[in-house]
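Structural description and commentary
Given next are the chains, with one letter for each unit.
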Amino acid sequence: MLLPASYNKHLDLNLNNNPLSESIQIELSNEKLIDSLTILPNAQENFWQLPEVYQMSQLRQLSVVNSPHPYTQALYNKIMSLKLFGYVHRNPFSADTVKIHTNISHSLREKKLYKPENYPGLAPTTAPSVLVSGESGSGKTTLIRSVLSKTPQAVQHSSYKGTPFNKKQLNWLSIDMPATGSPKALCANFF
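Below, the structure is looked at part by part. (Residues numbered from 1 in each chain as written. Predicted model: local features only at pLDDT ≥ 70, side-chain atom pairs only at ≥ 80, totals over all residues. Heavy atoms only, no water.)

To continue, consider the overall build of the protein. For the protein, the count of helices and strands is seven helices and three strands. Its helices and strands taken in sequence order, the protein reads β-α-α-α-α-α-α-β-β-α from the N to the C terminus. Its C-alpha atoms put the protein at 75 × 40 × 30 Å along the principal axes. Taking all 191 residues of the protein together, the buried fraction comes to 26%. For the protein, restricting intrachain contacts to residue pairs at least 6 apart in sequence, the fraction spanning at least 24 positions comes to 58%. (Helix = DSSP H or I, 4+ residues; strand = E, 2+ residues; numbered from the N terminus. Buried < 20%, exposed > 50% of the residue type's maximum accessible area, 1.4 Å probe, protein only. Contact = heavy atoms within 4.5 Å.)

Following this line, the structure appears as C-alpha cells:
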C-alpha cells in the first residue's frame, strides 16, 4: 500500500533536509515500540460455554499472537540506523545527486553502457547487513517483519518544502529465502 509521505526532522542533523530520510519516522520509546508490536488474543471468558465453531475461531486467534522478543529494540535500532544512514548520501536535492542523475540520463540517451565507476561521488551500492540466526521456528522471520512493519513499505512523495518531488520510495522488501538455496526458488519467491 502506497502511503503519502509525511516529513519529520531527526535528532541526527545529517538526516535532515532530505525527503527520503525525513519520511521515515523513528519510535524512540522502547515501551511504545513493544506495545505497538504486541498482539494478544481477544479471548472471551465464557470460552467453554461457546459452541464448538466459536471455540475454534477463538483458538485461531492464537496464530497471530506476538510477544516481542527481548532483542526487538536492539534489532529495531540496528535496522533503522542502517536504513537512515543509507539515505545520507542519497539526497535527491543535493548537487552531487542531481549531477549523477544528469550524467546517467545522458549515457542512457546516447545508448552507452552505464558504469558506476564513471560517476565519482556516487554512493556505493553495497550495504551493511544484519544477521539474525536461531533455531527453525524460533520467531526470526516474525521478529524481522514486525520491526519492518514500523515503517511503511512504500511512500509517495508529491512535494518537499514547496518543491515538486513526485517520487515513490520503497523503504523495505522482505523475501523468503528457499531452504534449498536454489536461485530459481529465490526468483520464484521474489516474483
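Now that the structure has been shown, the text picks up again.
Let us now look at the environment of Ala-5. Positionally, Ala-5 belongs in the loop between strand E1 (2-4) and helix H1 (19-22). Taking the C-alpha atoms as reference, Ala-5 lies 22 Å from Leu-37; in sequence the two are 32 residues apart. In this view, Ala-5 contacts Ser-23, Val-155, Gln-156 and His-157; residues no more than four positions away in its chain are not counted.

Moving on: the sheet that holds strand E3 (residues 163-170). With mixed pairing, three strands are arranged side by side in an open sheet as E1-E2-E3. The sheet is open, and its two edges are formed by E1 and E3, each paired on a single side. The average angle at which neighbouring strand axes cross in this sheet is 20°, direction not considered. Pairing of strand E2 (residues 154-160) with E3 involves six bridges; the strand directions are antiparallel. Looking at E3, one finds that Ser-159 is bridged to Pro-164. (Pairing = 2+ DSSP bridges. Axes fitted to C-alpha atoms, helices over the stretch in contact; angles between N-to-C directions.)

Here we take up the nonpolar core. It is characteristic of soluble globular proteins that their nonpolar side chains tend to be buried jointly. With 17 residues, the main nonpolar core has Ile-24, Leu-75, Tyr-76, Ile-79 and Val-147 as its most contacted residues. Counting residues per element, the ones that place at least two in this core are helix H2 (30-37), helix H4 (72-88) and helix H6 (140-148). Setting aside chain neighbours within four positions, we find Tyr-76 in contact with Gln-25, Ile-26, Glu-27, Leu-33, Val-147 and Lys-150. (Core = buried A, V, L, I, M, F, W, Y, C linked by side-chain atoms within 4.5 Å.)

A positive phi angle, close to 55°, is found at Lys-111, a residue other than glycine. Inspection of the secondary structure puts Lys-111 in the loop between helix H5 (95-109) and H6. The phi angle at Lys-161 is positive, at roughly 50°, despite the residue not being glycine. When you line up the elements, Lys-161 lands in the loop between E2 and E3.

Right, let's get into a nonpolar patch on the surface. A contiguous nonpolar surface patch, about 390 Å² in accessible area, is contributed by Leu-40, Leu-59, Leu-62 and Val-65. Within the secondary structure, Leu-62 is located in the loop between helix H3 (52-60) and H4. Here Leu-62 falls in the exposed class, since its relative accessible area comes to 52%. (Patch = residues over 30% accessible without salt bridge, like charges linked within 9 Å, V, L, I, M, F, W, Y side chains within 5 Å. Areas by Shrake-Rupley, 256 points an atom, 1.4 Å probe, with all protein chains shown as cover. Salt bridge = Lys/Arg side-chain N within 4 Å of Asp/Glu carboxyl O.)

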